[in-house]
Amino acid sequence: MVKAPRSGEVKTRLIPPLRADEASFLSACFVRDILANLLAVSDSVPVDCFAAYSPLGSEAMFRDFLPQQVRLLPPRSVGLANSLPDAIEDLISGGYEGACLVNADSPTLPTSVLVEAIANLRAPGERVVLGPATDGGYYLIGLKHPHRQLFRDIDWSTERVYQQTTERAASIGLEVVTLPAWYDVDDAASLGWLFRELLDGRRPPQCLRDGYVALHTREYLRVLSAGDVQRRGTDEMLEPLSP
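What you see is a predicted model, and the numbers here were worked out from it, not measured in a lab. Here the residue index of a chain counts from 1 through its sequence in written order. In view of the model being predicted, local features appear only for residues whose pLDDT reaches at least 70, and side-chain atom pairs are presented and counted only at 80 or more, with totals across whole chains, interfaces and linings using the full set of residues. The side-chain numbers reported here are obtained from all heavy atoms of the structure, hydrogens and water having been left aside.

Student: For helix H3 (residues 80-93), give the residues involved together with the corresponding values.
Tutor: A helix here means a DSSP run of H or I that spans at least four residues, while a strand means a run of E at least two residues long, and both kinds are numbered starting from the N terminus. One less than the number of residues in a helix, times 1.5 Å, gives the span that helix is expected to have. Counted at 1.5 Å a residue, the expected span for H3 with its 14 residues is 20 Å, and the 19 Å between its end C-alpha atoms agrees. Here's how the labels work: a residue is buried when its accessible area is under 20% of the maximum for its type, exposed when over 50%, partly exposed in between, all with a 1.4 Å probe on protein chains only. Those residues of H3 not exposed but buried are Ser83, Leu84, Pro85, Asp86, Ala87, Ile88, Leu91 and Ile92. In this analysis, two residues are considered to be in contact whenever any of their non-hydrogen atoms come within 4.5 Å of each other. Taken together, the buried residues of H3 touch strand E2 (50-54), strand E3 (71-73), strand E4 (99-102) and strand E6 (138-143).

See the structure below:
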């Protein structure tokens, strides 16, 4: 699930400590690395990769930097409540037995977690596979059917998203498979975690595996670090991480 990396329209909660152009370029790095990670999975597990992009009309921007193996999936709706089940519905109607939707905010998500998600989704029976984010949302959802009830009346962009989704799954009798927790990079504090993970080799709080080496993101963080971007930030970004 990717949003066109236009300056001033993406990663706005990272402005400051970043400038708008830096935030949009970092967003593009995230997309490159997440797709590289997914393509690494496809080397060992047969999967096809799509970029479910928004907004409509931005496909030319994505074609400029996406790998040729990645196909574009155009949006039909605005907002996560509809765009998530739309994407699953479109993929399944195209002949797939299931779909995992991954966010564009977790460039260091371990490859092993993606492999685990696919294995769980492919097991017999109905279920929802969820990757809980440390901020209370989720970084991945996998389904064999759209189950639009899972996306209705959810307090999107709050710490209640994951909990509400699991409760909704229970209410409709859908088994929940929970993946290891990982973090989204969407504010100054989590950007600080990303700096420490990729530049200092420190594992972020609540994350129990070593992350994916996001090469595009890491190189751009080095550029930002050389420009003392962290000194432009907030005290929150510079708080020390838990061991």
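Student: How would you explain the nonpolar core if you had to name every residue and give the values?
Tutor: Nine residue types can take part in a nonpolar core, namely buried Ala, Val, Leu, Ile, Met, Phe, Trp, Tyr and Cys, and a core is a set of them joined through side-chain atoms within 4.5 Å. Core analysis: the biggest nonpolar cluster contains 48 residues, and Leu26, Leu66, Leu140, Leu191, Leu194 and Leu221 have the highest contact counts within it. Put simply, the parts of the chain that give this core at least two residues each are helix H1 (20-42), E2, helix H4 (111-122), E6, helix H6 (188-200) and helix H7 (215-226). When residues in this core are grouped by element, the largest group, ten residues, is from H1. Other than its neighbours up to four places away in sequence, Leu221 contacts Leu26, Leu191, Leu194, Phe195, Leu198 and Leu199. Counting 21 residues, the second-largest nonpolar core is a separate cluster that includes Leu101, Leu130, Ile141 and Ile154.

Student: Hey, could you go over the sheet that holds strand E5 (residues 127-132) for me, with residue numbers and the actual values?
Tutor: Pairing between two strands requires that DSSP report at least two bridges joining them. On the basis of which strands lie adjacent, the open sheet formed by four strands has the order E4-E6-E5-E7 and mixed pairing. Only two strands of the sheet have a single partner each, and these edge strands are E4 and strand E7 (175-178). Going from strand to strand, the sheet's axes swing by 20° on average, the running direction of each strand aside. Relative to E7, E5 is paired through four bridges, and the arrangement is parallel. Across the sheet, residue Val129 finds its bridge partner in E7, namely Val177. Sheet strands in contact with H3 are E4 and E6, and its direction is about 145° off that of E4. Note on geometry: axes are C-alpha line fits, over the in-contact stretch for helices, and angles between N-to-C directions span 0 to 180 degrees.

Student: Describe the side chain of Asn37, and please don't skip the residues or the numbers.
Tutor: Along the chain, the position of Asn37 falls in helix H1. Discounting chain neighbours no more than four positions away, the residues touching Asn37 are Leu109, Pro110, Thr111, Leu114 and Tyr212.

Student: Please give an account of the packing of aromatic side chains that cites residues and values.
Tutor: Note on aromatic pairs: the rings of Phe, Tyr and Trp (six-membered ring only in Trp) are paired at centre separations within 6.5 Å, and the planes decide the class, stacked below 30 degrees, edge-to-face beyond 60, tilted for the rest. The tally for this structure, following the rule as stated, stands at six aromatic pairs. For the ring pair Phe50 and Tyr96, a centre distance of 5.8 Å and an interplane angle of 85° mean the geometry is edge-to-face. A residue pair is termed long-range when its members are at least 10 positions apart, and Phe50 in strand E2 and Tyr96 in the loop between H3 and E4 qualify at 46 residues. On the basis of relative accessibility, which here comes to 23%, the residue Phe50 falls in the partly exposed class.

Student: If you had to explain empty space enclosed by the protein to someone new, which residues and values would you point to?
Tutor: Cavities and pockets were defined on a 1 Å grid built over protein atoms only: a cavity is a set of grid points that admits a 1.4 Å probe from which the probe cannot escape, a pocket is an open set flanked by protein on both sides within 12 Å along at least five of seven lines, and lining residues are those with an atom within 4 Å of any such point. Grid points are joined across faces, edges and corners, and a volume is the space filled by probe spheres set on the points. Counted according to the given criterion, the structure contains one cavity of 30 Å³ or more. Approximately 30 Å³ is the volume attributed to the largest cavity. Considering the residues around the largest cavity, the lining is formed by Ile34, Asn37, Leu38, Val102, Ser106, Pro107, Leu109 and Leu114. At three residues, H1 tops the list of elements feeding residues into the lining of the largest cavity.

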